[in-house]
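Structural overview
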Amino acid sequence: MSKKIDRREFVRVSVGAGAAAAAMASSGQAFGRAPGVRAQSVRPVVISDRSGAAFRNGGRLTCIELAFEGVTNGEDVLDAILAGINIVELDPEESGVGFGGTPNADGVVQLDSCCMHGPRKQAGGVAAIEGVRTPSLVAKAVMEHTDHHLLVGAGAQDFARNMGFTVEDDLNTPRTRERWLEWKRRLDPEHYLDPERRARHGYDVALGMLAEGLADESHFWGTVNCDAIGPNGDICGVTSTSGLSWKIPGRTGDSPILGAGLYVDGGVGACGSTGRGEANLYNLTSYLIVEKMREGMHPKDAGLAGLQRIKENTIERRLLKANGDPAFNIRFFALNARGEYAGVSMYAAGETFYGVCTENGAEEAALEPLLDGTPSD
Ligand code: ASP
């Protein structure tokens, strides 16, 4: 059902969306209007990272296809996205999200997620939650049933249990357990000299396993982000992840943090991210990109501006290549209230496309890179 579109075709699709947007702008439905004021009629679109367009958990539809179906059937946009995200979270083959996500350094799967409801201006998130396969639904429960935006660790798990979620002892699968064991085997205890060296050594060992093909990049930094606009202009987004593979227990990345892993302004647009969470946390880049869209930038230009900010703020040598560019990848998926969208990445490396679902069906569109080369060349 998915088909790949090349960059030229993608530009054509985007230009088409732009023409529709221009028509809407002239009819007074331009974005940039006062927050909370919604467009009356928009071409619905759902976008996601690669996993939202790839995993089906044995079913018929991917995340973006199910979300698009829900959005066009009049479901609440956030509920439609969550139904799609749940496919990815529950699929044991996706080892960067939910059940079968990659565990932390102690072998425990700890999950992060957040969601934002544009029109209702509500948000919720959980971080480092254990034992619940669908952290995105716990994030939604935080949004709907508490006065708070973020619950973490044991408190998040207790909350989930009290809300009726099934809490399991272990979300590992045989595959994630085996990979964790291999990672652990390669860590020589004699090298645990001080916490900094130990952390650095663990990271290097993990990168070595990536280079040897024992783990793939998309699961070392594996996350699902899905954002959508419905026919009435409602905009919502969800991000869910098991975070960095074999992370220090308790390490929380960008995914559950509003403004970093996800940001939605119902009157402007949505943006979510995958990749090196620390770079995103430092810059609150999803928020920045939504603000750039508020100023009138197309999602692609806003996304590239966000990546540029990350590049400028990355100055530690350990994070840089020999040429001074960042030695990591990070991606953003953005859509605005006109229904225009884009996916951008620091490099065209690893996952080089993202998912889009419109009335034309699901497509894979090329991510627009900021820089030439790869994170490691
Ligand atoms: N951004 C996520 C994190 O840092 C990981 C990823 O997207 O792969 O936790």
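Our structure is the block above this text.
Residues numbered from 1 in each chain as written. Predicted model: local features only at pLDDT ≥ 70, side-chain atom pairs only at ≥ 80, totals over all residues. Heavy atoms only, no water.

**Considering the overall build of the protein**
Note the threshold: Numbering of helices and strands runs from the N terminus; a helix is a DSSP stretch of H or I covering at least four residues, while a strand is a stretch of E covering at least two. By definition, residues are in contact when any of their heavy atoms lie within 4.5 Å. Working definition of accessibility: Shrake-Rupley area with a 1.4 Å probe, residue cover restricted to the visible protein chains.
A count of helical and extended segments in the protein gives 12 helices and 14 strands. Within the protein, contacts between residues separated by at least 24 positions form 67% of all contacts whose residues are at least 6 apart in sequence. Accessible surface, the protein as shown: approximately 14900 Å² in total, 51% of it carbon and sulfur.

**Section: the environment of Leu66**
Let me state the cut-off plainly: Per-residue accessibility, obtained with a 1.4 Å probe over protein chains only, is compared with the maximum for each type, and a residue is labelled buried under 20%, exposed over 50%, and partly exposed between these values.
Relative to the assigned elements, Leu66 resides in helix H3 (residues 63-72). Leu66 sits in the partly exposed class, given a relative accessible area of 25%. For Leu66 and Ile81, which are 15 residues apart along the polypeptide, the C-alpha to C-alpha distance reads 7.9 Å. Those residues within four positions of Leu66 in sequence are excluded, and the remaining contacts are Leu61, Ala83, Gly84 and Ile87.

**A closer look at the sheet that holds strand E10 (residues 330-336)**
Formally: At least two bridges found by DSSP between two strands are what make those strands a pair. Here, axes are lines fitted to C-alpha atoms. For helices the fit covers the stretch in contact, and angles between N-to-C directions go from 0 to 180 degrees.
Judged by pairing direction, the sheet is mixed, and its five strands sit side by side in the order E8-E9-E10-E11-E14 without closing on themselves. Lying at the two open borders of the sheet, with one neighbouring strand each, are strand E8 (262-265) and strand E14 (368-371). Pairwise comparison of adjacent strand axes, ignoring direction, gives a mean angle of 15° for this sheet. Helix H11 (residues 285-294) contacts E8, strand E9 (269-275) and E10 of the sheet and is inclined by roughly 145° relative to E9.

**Structural notes on the pattern of salt bridges**
Note the cut-off: Just to be clear on terms, a salt bridge is a Lys or Arg side-chain nitrogen sitting within 4 Å of an Asp or Glu carboxyl oxygen.
A complete count under the given rule lists 19 salt bridges for this structure. A salt bridge links Asp265 to Lys121, with the shortest nitrogen-to-oxygen separation between them at 3.8 Å. One end of the pair, Asp265, is in strand E8; the other, Lys121, is in the loop between strand E3 (111-117) and strand E4 (122-129), and 144 residues separate them in sequence. Its relative accessible area of 7% is what places Asp265 among the buried residues. Residue Arg338 pairs with Glu340 through a salt bridge whose shortest N-O separation is 3.8 Å.

**With respect to the packing of helix H5 (residues 135-145) against helix H6 (residues 153-162)**
What describes two packed helices is the angle between their axes and the distance between those same axes. Operational definition: Roughly parallel means an angle under 35 degrees; roughly antiparallel, over 145; roughly perpendicular, 65 to 115; everything else is oblique. Residues are grouped as follows: Ala, Val, Leu, Ile, Met, Phe, Trp, Tyr, Cys and Pro are nonpolar; Asp, Glu, Lys and Arg are charged; all remaining types, including Gly, are polar.
It is at 10 Å that the axes of H5 and H6 come closest, and there the two elements cross at 80°. Classed by the angle they form, the pair H5 and H6 counts as roughly perpendicular. Together, Val138, Ala141, Val142 and His145 of H5 and Ala156, Phe159 and Ala160 of H6 make up the contact between the two elements. Residue classes in the contact of H5 with H6 are distributed as six nonpolar, one polar and no charged.

**A short note on the nonpolar core**
This is how it is decided: Take the buried Ala, Val, Leu, Ile, Met, Phe, Trp, Tyr and Cys residues and link them wherever side-chain atoms come within 4.5 Å; each set so joined is a nonpolar core.
Judged by nonpolar contacts, the single largest core of 40 residues is most densely connected at Ile47, Ile330, Phe332, Leu335 and Tyr354. For this core, the leading source of residues is E10, giving five residues. Ile47 has contacts with Ile64, Asn225, Cys226, Asp227, Phe333, Ala334, Leu335, Tyr341, Ala342, Tyr354, Gly355 and Val356, leaving out every residue within four places of it along the chain. Of all hydrophobic cores here, the second largest spans 25 residues; its members include Ile81, Cys115, Val224 and Cys236.

**Describing H3**
In an α-helix there are 3.6 residues to a turn, and that puts residues three or four apart on one side. A large share of H3 lies buried, amounting to seven of its 10 residues. Residues of H3 that are buried include every one of Cys63, Ile64, Glu65, Ala67, Phe68, Gly70 and Val71, and no others. A positive phi of about 90° marks Gly74, the residue just after H3.

**Regarding the packing of aromatic side chains**
Just so we agree on the cut-off: Note on ring pairs: Phe, Tyr and Trp rings are taken, using the six-membered ring of Trp, and paired if centres are within 6.5 Å. Classes follow the plane angle, with under 30 degrees stacked, over 60 edge-to-face and the rest tilted. Each ring is checked for a lysine NZ or an arginine CZ that lies within 6 Å of its centre and within 35 degrees of its normal; such an atom marks a charge sitting over the ring.
Throughout the structure, instances matching the rule amount to three aromatic pairs. Both rings, one in Phe333 and one in Tyr354, keep their centres 6.2 Å apart while their planes meet at 45°; by these two values the pair is tilted. Taken together, the positions of Phe333 in strand E10 and Tyr354 in strand E12 (residues 353-358) put the pair 21 residues apart, joining distant regions of the chain. Of the residues examined, Phe333 reaches a relative accessible area of 1% and is grouped as buried. Looking at Arg177, its charged tip hangs above the ring of Trp180, at a distance of 5.6 Å from the centre.

**Focus: the side chain of Glu65**
Quick reminder of the rule: Whenever two N or O atoms come within 3.5 Å, that pair is a polar contact, provided that in protein one can donate a hydrogen and the other can accept it, and provided that, for residues adjacent in sequence, both atoms are side-chain atoms.
Residue placement: Glu65 occurs in helix H3. Engagement of the side chain of Glu65 in a polar contact is seen with the side chain of Arg56, the distance being 3.5 Å. Here Thr62 takes part through its backbone nitrogen, which lies 2.9 Å from a polar atom of the side chain of Glu65.

**Quick look at the state of the cysteines**
Test applied: By convention in this document, the label disulfide applies to cysteine sulfur atom pairs within 2.5 Å.
Tallied over the full model, the rule gives zero disulfides. Cys63 forms no disulfide, and the closest cysteine sulfur to it belongs to Cys226, at a distance of 3.8 Å. Owing to a relative accessible area of 0%, Cys63 belongs among the buried residues under this scheme. No disulfide involves Cys236; its sulfur sits 8.6 Å from the nearest other cysteine sulfur, which is in Cys115.

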